[in-house]
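Geometric and topological summary
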Amino acid sequence: MDIQEKYMQRCIALARRGLGAVAPNPMVGAVLVYEDQIIGEGWHAKYGEAHAEVNCLQSVDATNTDKIPKATLYVSLEPCAHYGKTPPCTNLIIQYKIQRVVVGCVDPFKEVAGKGITQLRNEGIEVIVGVLEKECINLNKRFFTYHEKKRPYVILKWAQTADKKIADDTGKRLYISGEATNKFVHQWRSEEQAILIGANTALYDNPKLTVRLIAGNNPIRLLIDPNLKTPITQDLFTDNNKTVVYNFHQAMRKDNLYYVELNKEKKMIPQILADCYERGIQSILVEGGAYTIQQFINEGIWDQARVIENNSLAIGDGLAAPTLSHYILQHQEKLGKDLISYFLQLN
């Protein structure tokens, strides 16, 4: 590993600390290096607050501020060159007279998209681009998917028995995964902007779709209910968490409850993802049920699938789990009695 990759890896590790807190912004990490010593580091910690470059430069000890112009700034994503919630990071870099910047990957957002790199180079700053580029893009796969494909990053999730069933033959909720896995799933929820289910899951399971088992942000709840058959007394509707109901009958808003009317002559999934794009939702965790998940699979509109399997439980007759197509196994991990398999869609 060369020295540039060493410090870019540190940027990536720092950036990950913002997972679940910075969307719709990307996760970004930055380190400032002088003579092979880190003298400052930072990451984007929360949407609307300071960017990684700002936190990095502000972390430099007063005894090292004279070294900043001679140091190299490493940043996992191209510094922004536009005014958003905060001023451009390129202006700050220029202000500090930093003469060398190493960038992991170019920002796909149209307001940046190479403009930050160009501005720095126009000021005579040496800019190196593409160090651990693949890893930096993967870090922000949600952000890149949103801006390049104009839709959210879609993660499918379900739990199944050893004989690949997700419910018994009555359709009632079946408790498959263990306590540790359930807590882990709540962590997954906190990392995505939205969580989606179909009407049958809402009716039979009456889920809250919150992150109550951990400390984190509740995702926006998305419900596909074409004929509005989910009672307003279900848990989805009895708190103040934002909920969007996709249906064929009405469009209205009441406090944090939104009804979005879909065109019944068109496919639902593309319409829902287009609406999410307009709402700035960059990632969705699709939790059920089998029919809803299979719709995403059949449409070929998914990016990752996370399948939890209890190999010690088999029920015989029951509701079959979804069936993936065009995928590769990314990796697997054991959590108690559960095996969690991660799959990526083959493009």
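All of the points below concern the structure found in this document. (Residues numbered from 1 in each chain as written. Predicted model: local features only at pLDDT ≥ 70, side-chain atom pairs only at ≥ 80, totals over all residues. Heavy atoms only, no water.)

1. Examining unusual backbone geometry
Glycine aside, a negative phi is what most residues show, and trans is what most peptide bonds show. In plain terms, the rule: Strands are runs of DSSP state E lasting at least 2 residues, helices are runs of H or I lasting at least 4, and numbering of each runs from the N terminus.
At the junction of Ala23 and Pro24, the peptide bond is cis and its omega measures out at 10° in the coordinates. Within the element layout of this structure, Pro24 appears in the loop between helix H1 (3-15) and strand E1 (29-34). Between Gly288 and Gly289 the backbone carries a cis peptide bond, its omega angle lying at 0°. With a phi close to 50°, Asn206 is a non-glycine residue in the positive phi region. Residue position: Asn206 is located in the loop between helix H8 (199-205) and strand E9 (220-224).

2. Focus: the nonpolar core
Inclusion rule: Among buried residues, those of type Ala, Val, Leu, Ile, Met, Phe, Trp, Tyr and Cys that are joined through side-chain atoms within 4.5 Å constitute a nonpolar core. Relative accessibility under 20% of the residue-type maximum defines a buried residue, over 50% an exposed one, and the middle range a partly exposed one, all with a 1.4 Å probe and only protein chains included. Only heavy atoms enter the contact rule, under which two residues are in contact if any of them lie within 4.5 Å.
Formed by 46 residues in total, the largest nonpolar core has its most connected members in Met8, Leu32, Leu73, Tyr74, Ile98 and Val101. Top element by residues in this core is H1. It accounts for 6 residues. In this structure Leu32 touches Gln37, Ile38, Ile39, Gly40, Cys56, Leu57, Val60, Ile68, Ala71, Thr72, Leu73 and Ile98, once residues within four positions along its chain are discounted. By size, the runner-up hydrophobic cluster in this structure holds 35 residues, among which are Ala194, Cys276, Ile281 and Trp302.

3. Description of the layout of surface pockets
Condition: The definitions used throughout rest on a 1 Å grid laid over the protein atoms alone, on which a cavity is an enclosed set of points accommodating a 1.4 Å probe that cannot get out and a pocket is an open set flanked by protein within 12 Å on both sides along at least five of seven lines; lining residues are those having an atom within 4 Å of a point. Grid points are joined across faces, edges and corners, and a volume is the space filled by probe spheres set on the points. Residues were grouped as follows: Ala, Val, Leu, Ile, Met, Phe, Trp, Tyr, Cys and Pro as nonpolar; Asp, Glu, Lys and Arg as charged; and all remaining residues, including Gly, as polar.
For the largest pocket, the calculated volume is near 1100 Å³. Tallied by class, residues from the lining of the largest pocket come to 21 nonpolar, 13 polar and 11 charged. A volume near 920 Å³ is recorded for the second largest pocket. Considering the residues around the second largest pocket, the lining is formed by 31 residues, among which Asn138, Lys141, Tyr153, Gln330 and Leu344 are closest to the centre. Of all the secondary-structure elements, those providing two or more residues to the lining of the second largest pocket are helix H5 (133-139), helix H6 (141-149), helix H7 (179-191), strand E14 (304-310), strand E16 (327-335) and strand E17 (338-345). Ranked by residue count, the leading element in the lining of the second largest pocket is H6, at 6 residues. Class assignment of the residues belonging to the lining of the second largest pocket gives a composition of 12 nonpolar, 8 polar and 11 charged.

4. Describing the sheet that holds strand E4 (residues 100-105)
Backbone hydrogen bonds are what pair the strands of a sheet, in a parallel or an antiparallel way. Spelled out, the test is: Strands were regarded as paired on the criterion that DSSP finds at least two bridges between them. The convention used is that axes are lines fitted to C-alpha atoms, helices contributing only their stretch in contact, and that angles between N-to-C directions extend from 0 to 180 degrees.
Strand order across the open sheet formed by 5 strands is E2-E1-E3-E4-E5, with mixed pairing between neighbours. One side of each edge strand has no neighbouring strand; the edge strands of this open sheet are strand E2 (37-43) and strand E5 (126-129). Between one strand and the next, the sheet's axes are offset by a mean angle of 15°, whatever the strand orientation.

5. Focus: H1
Selection rule: Given a helix with a known number of residues, its expected span is that number minus one, times 1.5 Å. What the arc measures is the spread of directions leading from the helix axis to the C-beta atoms. A 3.5 Å cut-off defines polar contacts: any pair of N or O atoms within that distance qualifies, except that in protein one atom must be a possible hydrogen donor and the other a possible acceptor, and neighbouring residues in sequence count only when both atoms are side-chain atoms.
With 13 residues, H1 ought to run about 18 Å at 1.5 Å a step, and its terminal C-alpha atoms sit 19 Å apart, in line with that. Looking only at H1, the buried set comprises Gln4, Tyr7, Met8, Cys11, Ile12, Leu14 and Ala15. For H1, the buried positions fall inside an angular range of 160° around the axis, keeping them on one side. Contact partners of the buried residues in H1: E1, E2, strand E3 (72-77), E4, E5 and H5. Among the residues of H1, the N-terminal cap falls to Asp2, whose side-chain oxygen and the backbone nitrogen of Gln4 are separated by 3.2 Å.

6. Structural notes on the sheet that holds E17
The 10 strands are arranged E11-E12-E10-E9-E8-E13-E6-E14-E17-E16 in an open sheet whose pairing can be described as mixed. Edge positions in the open sheet fall to strand E11 (252-254) and E16, since each of these has one partner strand only. Between one strand axis and the next, the sheet turns by 20° as a mean value, whatever way the strands run. As paired elements, E11 and strand E12 (residues 257-261) share 3 bridges and run antiparallel to each other. Its bridge partner being in E12, Met252 is matched across the sheet by Tyr259.

7. Some details on the packing of aromatic side chains
Heads up, the rule is: Two aromatic rings from Phe, Tyr or Trp, using only the six-membered ring of Trp, form a pair when their centres are within 6.5 Å; if the ring planes differ by under 30 degrees the pair is stacked, by over 60 it is edge-to-face, and anything between is tilted. Counting as a charge over the ring demands two things of the Lys NZ or Arg CZ atom: a distance within 6 Å of the ring centre and an angle within 35 degrees of the ring normal.
Tallied over the entire structure, the rule returns 6 aromatic pairs. Centroid distance Phe143 to Phe144: 6.3 Å. Interplanar angle 80°. Geometry classified as edge-to-face. Of the two residues examined, Phe143 and Phe144, each falls in the buried class. Lying over the aromatic face of Tyr258, Lys242 brings its terminal NZ or CZ to 4.9 Å of the ring centre. Over the face of the ring belonging to Trp188 we find Arg306, whose NZ or CZ atom lies 4.9 Å from the ring centre.

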